[in-house]
Amino acid sequence: MKPADCHTHLYDKSFDHDLDKVIERAKKLVSKIIVVGEDAETNRKVLALCKTHKGFLLPGLAIHPDRVHLLTDEEVNKEIEFIRKQKDLVCIGECGLDWLKAEQFAMANPSFKMLEPKNFDFREAKQKQIGVFRKFIRLANEMGLALNVHSRRAEKDTIAVLKEEKAEKVLMHGFSGTIKEAEEAVLLGYKIAIGTTVFYSKQKVELVKAIPLEAFVLETDSPVCAPEKGARNEPANIASVVRRIAKIKNITRSEVIKITNTNVKELFGF
Ligand SMILES: [Zn+2]
């Protein structure tokens, strides 16, 4: 039995020269890999890649919160219509909320230079992300698909919006919230993705200790978040994540794989 990698960006240009080798290495250690898009361009790359490696690479499409500020409502709606027509998706993602990006975007506006930092108002930038996120949650529920959710400095608000929209199946990717926020997500039935960040993030280790294995799935977020900082990440590294979780939880590797695979089946149906 092999584990699954639930969140990657294998269309990234850092894989252009050796993707075949990356996939070859992954096939020895990983059962399946989800590839998630970020905008119209990368969504199409996801589809092309998953068609070439059908059955091993599985697609998720959406608009990343980082990109939301660059798009008009019309462009967002057009992409949602495109996604709605796809037949072989395993999830809607990567979507969610990123308050760091919302603040950076708002501060790049010249009118912000006139204000004292304490008077900064990020509501407009945040509302735009929330509006798009709501559309993707509704789309996922409508299509009966799980959400592959990004939340940076926005865990509390992300969970609140998911709850309001009655999101049915949720993977919280790169979860950087508190234990309390993680516990709330788990109570709502959401799964928390643990990845290669568990090698250097104290918060992730604490999360692994505090949350039951029954709430976990695995991810790498390749090409970023490699176990060694600055290196390129790849799905084969999931094997080390399994070892690390087994060690922290003091259980066997096959228990980690068995339980996370049950969650993968529940969320994505494979
Ligand atoms: Zn990602």
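For clarity, every value in this text was computed on a predicted model and none was experimentally measured.

Undergrad: Report on the overall build of the protein, specifying residues and quantitative values.
TA: Secondary structure assignment for the protein yields 11 helices and eight strands. Scaling as 2.2 N^0.38, a compact globule of 270 residues should have a C-alpha radius of gyration of about 18 Å, and the protein matches this with 18 Å. A principal-axis box enclosing the C-alpha atoms of the protein has dimensions of 55 × 40 × 35 Å. Considering the protein as a whole, with its 270 residues, one finds that 46% of them fall into the buried category. In the protein, the share of contacts with a sequence separation of at least 24, taken over all contacts with a separation of at least 6, comes to 72%.

Undergrad: Residue-level account of the nonpolar core, with values.
TA: In terms of nonpolar packing, the biggest core is built from 73 residues, with L147, L171 and I192 touching the most fellow members. It is helix α6 (residues 123–143) that contributes the most residues to this core, seven residues altogether. Setting aside anything within four residues of it in sequence, one finds L171 in contact with C6, A146, L147, N148, V149, K191, A193, V217 and L267.

Undergrad: Lay out the packing of helix α5 (residues 99–108) against α6 in plain terms, naming residues and giving numbers.
TA: Where α5 meets α6, the axes come as close as 8 Å, and the angle between the chain directions of the two elements is 135 degrees. What the angle tells us is that α5 and α6 run oblique. Of the two possible hands of crossing, α5 and α6 adopt the one that is right-handed. Of the residues in α6, those in contact with W99, A102, F105 and A106 of α5 are A125, K126 and Q129. Tallied by class, the residues present in the contact of α5 with α6 amount to five nonpolar, one polar and one charged.

Undergrad: Tell me what's going on with unusual backbone geometry, and back it up with residues and numbers.
TA: Here the amide bond leading from G93 into E94 is cis, since omega sits at 20 degrees, within 30 degrees of zero. Structurally, the position occupied by E94 is in strand β4 (residues 91–98). Of note, the bond from S222 into P223 is cis; its omega dihedral lies within 30 degrees of zero at 10 degrees. Its location among the elements puts P223 in the loop between β8 (216–219) and α10 (238–249). For R153, which is not glycine, the phi torsion reads 50 degrees and is therefore positive. Within the fold, R153 resides in the loop between β5 (146–152) and α7 (155–164). Assessed through the 16 C-beta atoms surrounding it within 10 Å, R153 is described here as partly exposed. For K166, which is not glycine, the phi dihedral falls at a positive 55 degrees. Residue classification places K166 among the exposed residues on the basis of 9 C-beta atoms within 10 Å.

Undergrad: Give a detailed account of helix α1 (residues 19–29), specifying residues and quantitative values.
TA: Of the residues making up α1, those classed as buried are V22, I23 and A26. Down the axis of α1, the buried set is contained in an arc of 95 degrees. They therefore lie on one face. Looking at α1, the residues exposed on the side facing more than 90 degrees away from the buried face are D20, K21, E24 and K28. Contacts made by the buried residues of α1 are with β2 (33–36).

Undergrad: Could you give an account of the environment of R232, naming the residues involved and the relevant values?
TA: Positionally, R232 belongs in the loop between β8 and α10. Classification of R232 by C-beta neighbours within 10 Å gives partly exposed; the count is 14. Sequence-distant contacts of R232, that is, excluding residues within four places in its chain, are made with S14, P223 and A226.

Undergrad: Tell me what's going on with the environment of H150, and back it up with residues and numbers.
TA: Relative to the elements of secondary structure, H150 occurs in strand β5. Distance from H150 to Y190, taken between C-alpha atoms, is 13 Å for residues 40 residues apart in sequence. Not counting residues up to four positions away in its chain, the partners in contact with H150 are H64, P65, E94, C95, G96, D98, H173 and G174.

Undergrad: Can you explain the pairing of strand β1 (residues 5–8)? Please cite residues and give values.
TA: One ladder, built from two bridges, connects β1 with β2; its direction is parallel. In the strand pairing of β2, T8 is matched with V35. This β-α-β element, β1 to α1 to β2, shows right-handed connectivity.

Each value, and the rule that gives it
- Residues numbered from 1 in each chain as written.
- Predicted model: local features only at pLDDT ≥ 70, side-chain atom pairs only at ≥ 80, totals over all residues.
- Helix = DSSP H or I, 4+ residues; strand = E, 2+ residues; numbered from the N terminus.
- Rg over C-alpha atoms; globule rule 2.2 N^0.38 Å.
- Buried ≥ 20, exposed ≤ 12 C-beta atoms within 10 Å, placed from the backbone.
- Contact = placed C-beta atoms within 7 Å.
- Core = buried A, V, L, I, M, F, W, Y, C linked by C-beta atoms within 7 Å.
- Axes fitted to C-alpha atoms, helices over the stretch in contact; angles between N-to-C directions.
- Parallel < 35°, antiparallel > 145°, perpendicular 65-115°, else oblique.
- Left-handed = near helix turned anticlockwise from the far one by under 90°.
- Nonpolar A, V, L, I, M, F, W, Y, C, P; charged D, E, K, R; others polar.
- Arc of directions from axis to C-beta.
- Pairing = 2+ DSSP bridges.
- Right-handed = clockwise from strand over helix to strand, strands pointing away.

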